[in-house]
Amino acid sequence: MNIKHDFPHRVREIENQWIVLADGTRLAARIWLPEDAESKPVPAILEYLPYRKRDGTAVRDELTHPWFAGHGYACIRVDMRGNGESDGLMEDEYAPQEQRDALEVIDWIAAQPWCDGKLGMMGISWGGFNSLQLAALRPGPLKAIITLCSTDDRYADDIHYKGGNMLLENLGWAATMLSFSAAVPDPALVGDQWREMWKHRLDNMPLLAEPWLEHQHRDSYWKHGSICEGYHKDSADIEAAVYMVSGWADSYINTIPRMMEHLSCPRKALIGPWMHKYPHFAIPDPAIGFLQEALRWWDYWLKDVDTGIMDEPPCTFYLQDGVPPAPKYLERPGQWVQTSDWPAPSTEVETQPLVLGDHGLGSNGRLSNDRQIASPLTAGSLQGEYIPLWFGADFPTDQRRDDGLSLTFDSAPYIEGLDILGQPTLAVSVTSTEACGQLHVRLCDVAPSGESALITYGTLNLNLRDDPGTITPPVPGEPMDVRIPLDLIGYRLPPGHRLRVALSSASFPLVWSPSRRADLTLKSGMPTLELPCSKAAYIPMPFEPPESATPCRVETLRAGKPKRTISEDVGSGEVTVTVEDDMGDVRFEDHGLRVEQKAKEVYTSHPSDATRTRADIEWVYRASRGEGQNVKNDQFAVEVVSRYHLHCDAQTFYLNAEQIAHEGETLVSEKQWAREIPRTAL
């Protein structure tokens, strides 16, 4: 990445700025702006997050926001209430209070002497979500947003549920936030009140997994903050221009075709090969000049400069080449394409129906006899992480072992290869042996050597097969017609490779096991995969090389060592997947804050007994400044250990958690939770 030091504008940084809300709550902001902005006001770009500007996002913030400020923008990075150095408490993700606060922040920014009254919002994940949510509220100053790795539907496409099945990431992220939200306010910024603020947060810590687990189907809880609720209500539609960005290695991709189809505001879409990171420093390569592309967007919508960005095709996709499966990719070769709209016209994307028939996967034939889908509940361990996030061994590996636990249909070799772009959709008729069940479908690239690489996948809770808001348990033995959309994908199947459709009745630890093992039967007839094939012409790399501002000065005291392990107890048949998210131990050289974070997630499943599914997660957070254990001025040392445990029987989830916080050797807080939550849709 090219590090830029010289910019059109000299940059001034305000390390910490208090934004006082109407109720007296102070939100902490870090601001970068052109030195002469107070005499020559500029547009502003807001990023609004719970992840602590002091350390949590400091590395990426310093790559990004000073770069925009150097090009004539005021950049404001605000910590939400109850996080970082901000006052108050956080109740839940995307709560109404979060949005009310953001509206006040927008008005505050627009009224500053260095702001010309025009505002953009930008963010990835949580910040991408609330950029969309705030745009749907139509605050006057907000003219454009860039939303990365986000969703328009909190139930369908977040870390909670997928196809109506509960993702294990639902618990994983709840455990992450239990630790993240316990981070200490920095005494160097808030002064002696840091202990009181910290203790207040610890004493009132929300158990986020509880509401996320209680709401098992798509109800009003999930509809709040889901902008798709406004697609058919003109008064709720977004007016600000929307640039939506994601990557094939991320989980937030299906929202993009929906937003392109349903939003009426000016909009653009970009999907590259990346994981859950900003595209100027994400992997796999090719990384792009995201900041330069964003600048063209901001200049067009916030400065009325015709950069030509709206004259280009609205959708840009990277078709990644099929390569041997690996747990981590630093680079994915491929080709860029653009489409004139989405859904793309048939001249650019054409759907091919493929039948799951007696002789495999093909354009002709039928399935003469019923076929069993009888996967053990341990199937799916090679799926990889739902969201590759921490630069570990998170990608799907060779799928052959899971293919062997599935019902598979292979195509003939594609002699000339095949370009895929869109959402493949499976339409089948199945029966279940129980009044519950799951159907999972994986589309794989099978090399002549036999290696099976995951292209894309879909999953469905058969209790919610017709409507994610209506629970309709299967009647054992009664056929059900279902359609499963697989995740959006851009992929180039190499010449001579085959396609494989693999159907399974479990996928662990991607999703939690059904209440009982439920084997399925694929009914005879013409089960069909609708495969979207790209006819778009390849284009040269449409973006400049990546750039950034000067990186944050960080001393690595211990490098992170993320790790993923799969083990099997041969006697019991239990399979355990262990994920170690180790972020290392670092010191921020500019202000001396030292932070260490690491997590261990252990997920276990039994091949036939669904009541033996369980999850245990532990996070350790340490922060300090100075060598002593006692606070002197801004010196301190704290540790927080946070744990979650979940197990179940056929009727109930048993959720337990604890959090233990110390300052030096002194116990500051010890809290336990125990909840029993009925299984309604799962």
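You'll find the structure just up there.
Draft legend 1. Layout of the overall build of the chain. Secondary structure summary: the chain contains 11 helices and 36 strands in total. Whereas a compact globule of 682 residues would reach a radius of gyration of roughly 26 Å, the chain reaches 25 Å, a difference of no more than 12%. Dimensions of the chain along its principal axes, counting C-alpha atoms only, are 75 × 60 × 45 Å. Taken over 682 residues, the chain has a buried fraction of 62%. Put simply, 74% of the contacts in the chain that link residues at least 6 apart link residues at least 24 apart. Accessible area for the chain stands at about 24,300 Å²; split by element, carbon and sulfur atoms hold 48% of it.

Draft legend 2. Structural detail: the packing of aromatic side chains. Under the definition given, this model contains 28 aromatic pairs. Both rings, one in Y161 and one in W222, keep their centres 5.8 Å apart while their planes meet at 75 degrees; by these two values the pair is edge-to-face. In this pair, Y161 sits in strand β8 (residues 161-162) while W222 sits in helix α8 (residues 220-223), placing the two residues 61 residues apart along the sequence. For the ring pair Y300 and W301, a centre distance of 4.9 Å and an interplane angle of 70 degrees mean the geometry is edge-to-face. Here the basic side chain of R154 rests over the ring of Y221, its NZ or CZ set 5.4 Å away from the ring centre. The ring centre of Y329 lies 4.6 Å from the NZ or CZ of R332, which sits over that ring.

Draft legend 3. Structural context of helix α6 (residues 194-203). Those residues of α6 lying buried are W194, M197, W198, R201 and L202. Viewed along the axis of α6, the buried residues span an arc of 130 degrees, placing them on a single side of the element. Where the residues of α6 are buried, they touch α5 (187-190), β34 (636-648), β35 (652-663) and β36 (666-678).

Draft legend 4. A look at the layout of surface pockets. The computed volume of the largest pocket comes to approximately 1,300 Å³. In this structure, the largest pocket is lined by 47 residues; those nearest its centre are G56, K277, L389, W390 and M583. The element that contributes the greatest number of residues to the lining of the largest pocket is strand β31 (residues 575-588), accounting for six residues.

Draft legend 5. Examining unusual backbone geometry more closely. Across the junction of W342 and P343, the peptide omega takes the value 5 degrees, indicating a cis bond. Relative to the assigned elements, P343 resides in the loop between β13 (334-339) and β14 (349-357). Cis geometry marks the peptide bond from F508 to P509; its omega dihedral reads 15 degrees. Examined against the element boundaries, P509 turns out to sit in the loop between β24 (498-504) and β25 (520-522). If you check the backbone angles, R52 has positive phi at about 70 degrees while not being a glycine. Along the chain, R52 turns up in the loop between β4 (42-49) and α1 (58-70). Note on R52: relative accessible area 4%, which makes it buried. Within the chain, R138 stands out as a residue other than glycine whose phi angle is a positive 60 degrees. Along the chain, R138 falls in the loop between α3 (126-137) and β7 (142-148).

Draft legend 6. Summary view of empty space enclosed by the protein. Under the definition given, this model contains eight cavities of 30 Å³ or more. In this structure, the largest cavity spans a volume of roughly 450 Å³. Along the walls of the largest cavity sit 29 residues, with W248, A249, P396, L454 and I455 positioned nearest its centre. Ranked by residue count, the leading element in the lining of the largest cavity is strand β21 (residues 452-461), at five residues. Among the residues forming the lining of the largest cavity, the class breakdown is 19 nonpolar, five polar and five charged. There is about 110 Å³ of room inside the second largest cavity. Looking at the second largest cavity, the residues that line it are L168, E169, G384, E385, Y386, P509, L510, R564, E601 and Y603. When the residues that make up the lining of the second largest cavity are grouped by side-chain class, the tally is five nonpolar, one polar and four charged.

Rules behind the numbers
- Sequence positions are assigned chain by chain, starting from 1 and proceeding in written order.
- The predicted origin of the model limits local features to residues at a pLDDT of at least 70 and limits the giving and counting of side-chain atom pairs to 80 or more, whereas totals for whole chains, interfaces and linings rest on all residues.
- Hydrogens are left out, water is left out, and the side-chain values use all remaining heavy atoms of the structure.
- Helix and strand labels come from DSSP, where a helix needs a run of H or I of at least four residues and a strand needs a run of E of at least two; each type is numbered from the N terminus.
- Throughout, the radius of gyration refers to the C-alpha atoms, and the reference size of a globule is 2.2 Å times the residue count to the power 0.38.
- For each residue, the accessible area found with a 1.4 Å probe, counting protein chains only, is set against the maximum for its type, and the residue is called buried under 20%, exposed over 50%, and partly exposed in between.
- In what follows, residue pairs with any heavy atoms lying within 4.5 Å of each other are defined as contacts.
- Each accessible area is a Shrake-Rupley estimate made with a 1.4 Å probe; only the visible protein chains count as cover when residues are assessed.
- Stacked, tilted and edge-to-face pairs are distinguished by plane angle, under 30 degrees for stacked and over 60 for edge-to-face with tilted covering the rest, among Phe, Tyr and Trp rings (Trp via its six-membered ring) whose centres lie within 6.5 Å.
- To sit over a ring, a charge needs its Lys NZ or Arg CZ within 6 Å of the ring centre and within 35 degrees of the ring normal.
- Here, the arc refers to the directions that run from the helix axis to the C-beta atoms.
- Points on a 1 Å grid, built from protein atoms alone, make a cavity when a 1.4 Å probe fits but cannot get out and make a pocket when they are open with protein on both sides within 12 Å along at least 5 of 7 lines; residues with an atom within 4 Å of a point are the lining residues.
- Grid points are joined across faces, edges and corners, and a volume is the space filled by probe spheres set on the points.
- Each residue receives one of three labels: charged for Asp, Glu, Lys and Arg, nonpolar for Ala, Val, Leu, Ile, Met, Phe, Trp, Tyr, Cys and Pro, and polar for the others, Gly being one of them.

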